[in-house]
Amino acid sequence: MNPDLFAHLPARISGLRDLAYNLWWSWQPDARNLFRDLGLYPWRESGHNPIRMVAMLPDAVLAEAASDPDYLQRYDAVMARFEREIHSTAGWFEGTYTAPAAPVAYMSFEYGLHPSLPIYAGGLGILAGDHLKECSDLGVPLVALGMIYSRGYVQQRIRSDGWQEDVEMEMDRTYDPIVPVLDAQGNQLVVQVPIFDPPLHVAVWKVAVGRVPLYLMDTDLAINQPWERAIAQHLYAGNVEQRLKQEIVLGMGGMKVLEALGIRPAALHLNEGHPAFAILERIRAQVAAGKNFTQALQQVRASTIFTTHTPIAAGTDVYPFPLMEQYFDAYL
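### Topic: the confidence of the model for the chain
Move 1: When the pLDDT values of the chain are averaged, the result is 92; 98% of them are 70 or greater.
Move 2: Ranking the helices and strands of the chain by mean pLDDT puts strand S1 (residues 104–107) first, with 98, and strand S4 (residues 164–167) last, with 78.

Next comes the structure, spelled out in structure tokens:
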């Protein structure tokens, strides 16, 4: 969170800062209208991004809202509901089931939460985004993991001759609703991903999706080798080896992030096969803790959930044996 972006926000409506950094507002019409009603044209120009919009609004506009009785009445009602829901553990899940001692870990390559956070391409991401929002509303204990892409998904435009072309863009994360996860020393949390040689590290970011935390991994770090920094530049890398690396980072790196955060999930939910290597890392950890392979396999199998989105060959990643041996020989 960049406090400078909201330095001019009047104290009376300072809660808009916390609201803008929690995507809860995106599926709550009354909350969304608090931003839209500050100016319809700025709302459109910002791409419906409240962080960008509030940062660019003149002081006079914000001061007017902070003294408008009708706006303040709606603001107080929304903020009261926001604080009540975000900090509550109550919900359908708690009233129906006995809450587990640890949350479910949900992994996906993409999350379609809102256009202001472009880390999705289509239906798979929308499914994942809706899953997180619904778990927040129902009070399902969930923690999600994904990746942050420095250049997003494919951007296209139509040329003057009528053909489409890809446009290379560097994403500006200044106005994204993300905050760095900090370690005990106050630095951004950096975690080493298994099996890479030389070592590969990821920085960890957090997105608040109502009551659900979404942790995103970033490989574009100076500590990494130049050719490895590009692993998470694009969603769905076309090169087969690069795609394998992405899936290792998501699955195995995701388990290491959970470990660094002190989270031992009660179950693992894989949205499509991209995070499947997390299963290997869970089995390895069980074996290291003293179980034999069969026992570890049975326990992991019993606590793993899989959602398939494209149940055809075209939706399944297949890797040649030599490439698998190259990365997994020492690990196995």
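### Focus: the pairing of strand S9 (residues 267–271)
Move 1: In terms of burial, S9 is largely enclosed, as five of its five residues are buried.
Move 2: Burial along S9 is two-sided: the residues Ala267, His269 and Asn271 and Leu268 and Leu270 are all buried.
Move 3: Here four bridges tie S1 to S9, and the two strands are oriented parallel to one another. Within S9, the position partnered with Val104 by the bridge is Ala267.
Move 4: Here four bridges tie S9 to strand S10 (residues 304–307), and the two strands are oriented parallel to one another. Of the residues in S10, the one forming a bridge with Leu268 is Thr304.

### Observations regarding the packing of helix H10 (residues 240–260) against helix H11 (residues 277–288)
Move 1: One can describe the packing of H10 onto H11 by two numbers: an axis separation of 7 Å at closest approach and a directional angle of 40 degrees. What the angle tells us is that H10 and H11 run oblique. As H10 runs across H11, the sense of the crossing is right-handed. Facing Leu244, Glu247, Ile248, Gly251, Met252, Met255 and Lys256 of H10, the residues of H11 in contact are Phe277, Ala278, Glu281, Arg282 and Arg284.
Move 2: Taken together, the residues of the contact of H10 with H11 break down into six nonpolar, one polar and five charged.

### Thoughts on the environment of Phe293
Move 1: Looking at the secondary structure, you find Phe293 in helix H12 (residues 293–302).
Move 2: In this structure Phe293 touches Ile283 and Val287, once residues within four positions along its chain are discounted.

### Digging into the packing of aromatic side chains
Each aromatic ring pair is described using two quantities: the centre-to-centre distance and the angle formed by the ring planes.
Move 1: For the coordinates displayed, the defined rule picks out 13 aromatic pairs.
Move 2: For the ring pair Trp24 and Phe82, a centre distance of 5.2 Å and an interplane angle of 50 degrees mean the geometry is tilted. Highlighted residues: Trp24 in the loop between helix H1 (15–20) and helix H2 (29–36) and Phe82 in helix H6 (residues 69–86), separated in sequence by 58 residues. The pair formed by Trp24 and Phe82 is uniform in burial state, with each residue classed as buried.
Move 3: Plain terms: the ring middles of Trp92 and Phe93 are 6.3 Å apart, the flat faces sit at 65 degrees to each other, and that makes the pair edge-to-face.
Move 4: A relative accessible area of 43% means that Trp92 is categorised as partly exposed.
Move 5: Judged by its relative accessible area of 15%, Phe93 is buried.

### So, the side chain of Ser46
Move 1: Inspection of the secondary structure assignment puts Ser46 in the loop between helix H3 (40–45) and helix H4 (50–56).
Move 2: Overall, Ser46 belongs to the buried group, its relative accessible area being 7%.
Move 3: One polar contact links the side chain of Ser46 to the main-chain amide nitrogen of Asn49, over a distance of 3.3 Å.
Move 4: When residues no more than four places from it in sequence are discounted, the contact partners of Ser46 are Arg52 and Met53.

Calculation rules
- Residues numbered from 1 in each chain as written.
- Predicted model: local features only at pLDDT ≥ 70, side-chain atom pairs only at ≥ 80, totals over all residues.
- Heavy atoms only, no water.
- pLDDT = per-residue confidence, 0-100.
- Helix = DSSP H or I, 4+ residues; strand = E, 2+ residues; numbered from the N terminus.
- Buried < 20%, exposed > 50% of the residue type's maximum accessible area, 1.4 Å probe, protein only.
- Pairing = 2+ DSSP bridges.
- Axes fitted to C-alpha atoms, helices over the stretch in contact; angles between N-to-C directions.
- Parallel < 35°, antiparallel > 145°, perpendicular 65-115°, else oblique.
- Left-handed = near helix turned anticlockwise from the far one by under 90°.
- Contact = heavy atoms within 4.5 Å.
- Nonpolar A, V, L, I, M, F, W, Y, C, P; charged D, E, K, R; others polar.
- Phe/Tyr/Trp six-rings, centres within 6.5 Å; stacked < 30°, edge-to-face > 60°.
- Polar contact = N/O pair within 3.5 Å; in protein donor to acceptor, adjacent residues only side chain to side chain.

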